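What follows is each chain in one-letter form.
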Amino acid sequence: MTRSTFDDTPDSGLPADSGWAPASRLGEPASGSTASGFASGTPRIGWRRQALLLAAVMACLTVFLLARVMANNPHIPADWKITADGQLELAYTPLPALKDLAGQTLRGVETPRGSVLPFGALAMTHSSRWIADDALREQLVATRLAVAQSLEAGRVVLVFRQGERVELTAQPRGYAALGAMFWLLCAFAMVLFLVGWIVPLVQPQARNLLYAVMALSQSGQLLLAAVASVPGLTLPSSLVVQEHAMLTVLDMATASAVLHATALHPYRSAWRTVPALLSWAATFTFATWSVVAGHGYVWWWPQALLLVDGALCITFLAWPVSGQAHPFALVMRRFAAVTVGALILLTMAVTLVPLMPPDVQPLAAVGPVIWNVFFASVILMVPFISRSQNVMREFAMLAGVSTVATSVDLLFVAVFSFSQFASLTLSLFIALGAYAAVRQWVLNQMMGARALTTERMFEHLYRIAREVEAKPERAAERMADLLRHVFEPLEATRTGGAARSSRVVANGSVLLVPVPNLTQSPMLEGQIALRFAERGKRLFTPEDARLADRIVEQLMRALAHDRAVERGRSEERQRIAQDLHDDIGARLLTLMYKAPSKEMEDYVRHTLQDLKTLTRGLAASTHSLNLAAAEWKADITQRLDAVRCELEWSAAFDQELTLSMVQWSSLTRILRELVSNCIAHSQATRVVMDLRLQDGQFTLTMSDDGVGREPARWSHGLGLGGIRKRVKLMGGTVSWQEREPRGIVCLVSVPNLRGSAAGSGAAAKG
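Residues numbered from 1 in each chain as written. Predicted model: local features only at pLDDT ≥ 70, side-chain atom pairs only at ≥ 80, totals over all residues. Heavy atoms only, no water.

Student: Provide a residue-level description of the overall build of the chain, including the pertinent values.
Tutor: Secondary structure assignment for the chain yields 20 helices and 22 strands. Counting only residues that meet the buried cut, the chain has 50% of its 766 residues in that class. (Helix = DSSP H or I, 4+ residues; strand = E, 2+ residues; numbered from the N terminus. Buried < 20%, exposed > 50% of the residue type's maximum accessible area, 1.4 Å probe, protein only.)

Okay, here's the thing in structure tokens:
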């Protein structure tokens, strides 16, 4: 929830941030934020690096001291198996006094007064935090406390069902007996602890401090879960007494911090902070009542407060203050809905534990551990939501699916009285089937998905390269259109500044793409700011920045290729024009002076004039539409006069347009081929030619009074096929129709004749 702190180049005029800032480059110069956007500034952050180092040392020391305490904690080295009636059966032990009792069922632990305290599987496996029955929880805590005090006193008496009574001396557990799960949960807790420090160190703000409360509370949850995962009869006595209160307070503090942060961002209003303050008051009240007064053995109303806080978070995220949805709120609302849904399922499963068979009840302890991992992974992913990789996303999703599967398994056992194997198999099938069915949809909804194919990408690149080549002054605009097609942002605007590569700022809400010098014009340099990808469905990632750089690179290559091809064409046309002028022109000039008659001399003179027009057109790179129309008229008039055919010519253009060489060549050859067909096949005495350019649409209409009929049955050879090909190259259409009472009408239409407009209002008639 901070502004972009790690950018080396200050920004200005960009939209505000959308979420917590990831600590991707802690220790680099940070830019301070102002009310107008991003302001410059490079404060020294050496103290932040030192604070982070101190936090890392604290995390390592905490884990080391916790491991040392658990390693030195008195322990009875024995493995126990849960029986069908929920009791503990001795499976294996290295102690000589217990080896002969392998396979015997434990009845209980003898107290110093001589009474036997029943001790079953539920007392050894279940956390008091996740037992809904208050009376059962108090009984379980009392049993655990008695066993823990006996272990710490160094003397434990185990009583078996067959009447055997064994007195044992407890011994330290040692580091090797802590188990792999202890170290894994501690490592996860350390990562979350450090992230909880990094976010407020990047930029100390109220919202970031609230995130620190969430992260630190859940890291404490993971550490307590790590302690509970250590094999043994019970926990240390000090932890047995305070476990329920500590876990409940940590959960309530996390929920209050989440609710408070949601009330502040992204939709902030004064009334939203009232429920958050009430939630904090309830948390402090429960903490005081449970820790100070020692009355912490209640479950329902703290759990109800957690669910109410989750429902309020979803409501705040779904109810925009300004009426416009915020992309960060859309993403976090989905996370909140999934998290609250998993918590509701787990709450229902825990509530129904007394209805389960005795051998299944201890297995219900797995659900809260998976829930803690899932909730912690969601909190860990929030600051890096725009930069999280697939591994982190899949881990959070799998943890959530595991929570749902475990809860559904327990519900099947409690409600439908399924056997343990049947319920587990059915719940796994349902969970895995749902995961396979909705995985991609969930990822698309939470993270977004790019649907632009490679084929469409190249189509856009090719089209825009041609448009930029035709109209260089629209280079930045066309490039922005291409980026809109690729990323579908809510907003794409031009901004100042210059950069060599694309970069993600404002915590993923903005992608800055530099505008390259596509036309060798410094005035077009700058940046394009894209805000929120895929219509606000997701934030930008570093992969998006790399993709934008590749798009710009490919666009530059496409332009360079087109320019190289056009240069080659121009040079080849000039060579051909020069050869025609020097060779064929010289021969025609000689033939004109040696003509045997006046008619032949005039014919050769006109042919020589046509050759000069052709070579001049080939040598020129651009042509004025008005001048080209005049040359076309002169050429067509001469050709039709030779066959005694009358020409009626009209041309009207609403602007003076400069044609490219390709456009001029295509239109010239289209007109010549149409006239050639008329001369060769129609036997016409009159031809009407009309050329018009109106709002960029060019139309050419040619009609004659010849004998041609049924154009649909004509064979399209090189002549008509060439006309269709050239018209299609310009993006237009061509059609032939019968003219009444006789003759043919040919209509050529180019919807967008692209060229350089020199002015408007120009018209030519003749």
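Student: Give me empty space enclosed by the protein: which residues, what numbers.
Tutor: Picture a little ball the size of a water molecule; that probe, rolled over the atoms, points out where space is still empty. Applying the stated criterion across every chain, the model contains seven cavities of 30 Å³ or more. Here the largest cavity is characterised by a volume of approximately 490 Å³. Val-258, Cys-313, Ala-336, Thr-339 and Phe-375 are the residues nearest the centre of the largest cavity, which is lined by 27 residues in total. The set of elements that each furnish at least two residues to the lining of the largest cavity consists of helix H7 (237-264), helix H9 (300-318), helix H10 (327-351) and helix H11 (366-381). If one sorts the elements of the lining of the largest cavity by residue count, H10 sits on top with seven residues. Across the lining of the largest cavity, the residue classes tally to 20 nonpolar, five polar and two charged. Quantified by volume, the second largest cavity comes out at close to 70 Å³. (1 Å grid on protein atoms, 1.4 Å probe; cavity = no way out; pocket = protein on both sides within 12 Å on 5 of 7 lines; lining within 4 Å. Points joined across faces, edges and corners; volume = space filled by probe spheres on them. Nonpolar A, V, L, I, M, F, W, Y, C, P; charged D, E, K, R; others polar.)

Student: So what's going on with the sheet that holds strand S20 (residues 733-738)? Residues and values would help.
Tutor: Strand order in the open sheet made by the five strands is S16-S18-S19-S21-S20, with mixed pairing throughout. The open sheet terminates on both sides in strands that have one partner only, identified here as strand S16 (646-653) and S20. Across the sheet, the axes of successive neighbouring strands diverge by a mean angle of 10°, strand direction being ignored. The pairing of strand S18 (residues 686-694) with strand S19 (residues 697-704) spans eight bridges and is classified as antiparallel. Its bridge partner lying in S19, Arg-692 is registered against Thr-699. Against the sheet, helix H18 (residues 625-642) touches S16 and S18, its axis set at about 175° to S16. In the packing of helix H19 (residues 661-682) onto the sheet, contacts are made with S18, S19, S20 and strand S21 (744-750), and the angle to S19 comes to roughly 10°. (Pairing = 2+ DSSP bridges. Axes fitted to C-alpha atoms, helices over the stretch in contact; angles between N-to-C directions. Contact = heavy atoms within 4.5 Å.)

Student: Break down the pairing of S18 for me, with residues and values.
Tutor: Pairing of S16 with S18 involves eight bridges; the strand directions are parallel. Looking at the pairing, Trp-649 lines up with Met-689 of S18.

Student: So what's going on with unusual backbone geometry? Residues and values would help.
Tutor: Between His-265 and the following residue, Pro-266, the backbone shows a cis peptide bond with an omega angle of 0°. When you line up the elements, Pro-266 lands in the loop between H7 and helix H8 (273-292). Each neighbour pair has its own omega, and for Glu-740 with Pro-741 the value is 5°, a cis peptide bond. With respect to the helices and strands, the residue Pro-741 is situated in the loop between S20 and S21.

Student: Describe in detail the packing of aromatic side chains, supporting the description with residues and values.
Tutor: Applying the stated criterion across every chain yields a total of 11 aromatic pairs. For the ring pair Trp-271 and Trp-319, a centre distance of 5.6 Å and an interplane angle of 55° mean the geometry is tilted. Taken as a pair, Trp-271 in the loop between H7 and H8 and Trp-319 in the loop between H9 and H10 lie far apart in primary sequence, 48 residues in all. You can call Trp-271 partly exposed: its relative accessible area is 42%. Taken together through their ring pairs, the aromatic side chains of Trp-271, Phe-316 and Trp-319 make up a single cluster. The ring centre of Trp-130 lies 4.3 Å from the NZ or CZ of Arg-129, which sits over that ring. (Phe/Tyr/Trp six-rings, centres within 6.5 Å; stacked < 30°, edge-to-face > 60°. Lys NZ or Arg CZ within 6 Å of the ring centre and 35° of its normal.)

Student: How would you summarise the sheet that holds strand S11 (residues 491-495) if you had to cite specific residues and measurements?
Tutor: What the four strands build is an open sheet, ordered S11-S14-S13-S12; its pairing is antiparallel. This sheet does not close on itself; its edge strands, each paired only once, are S11 and strand S12 (503-505). On average, each strand axis in the sheet is tilted by 30° relative to the strand beside it, whichever way the strands run. With three bridges joining them, S12 and strand S13 (residues 510-515) adopt antiparallel strand pairing. Within S13, the position partnered with Val-505 by the bridge is Val-510.

Bear in mind that shape data such as this cannot, by itself, settle questions of function.
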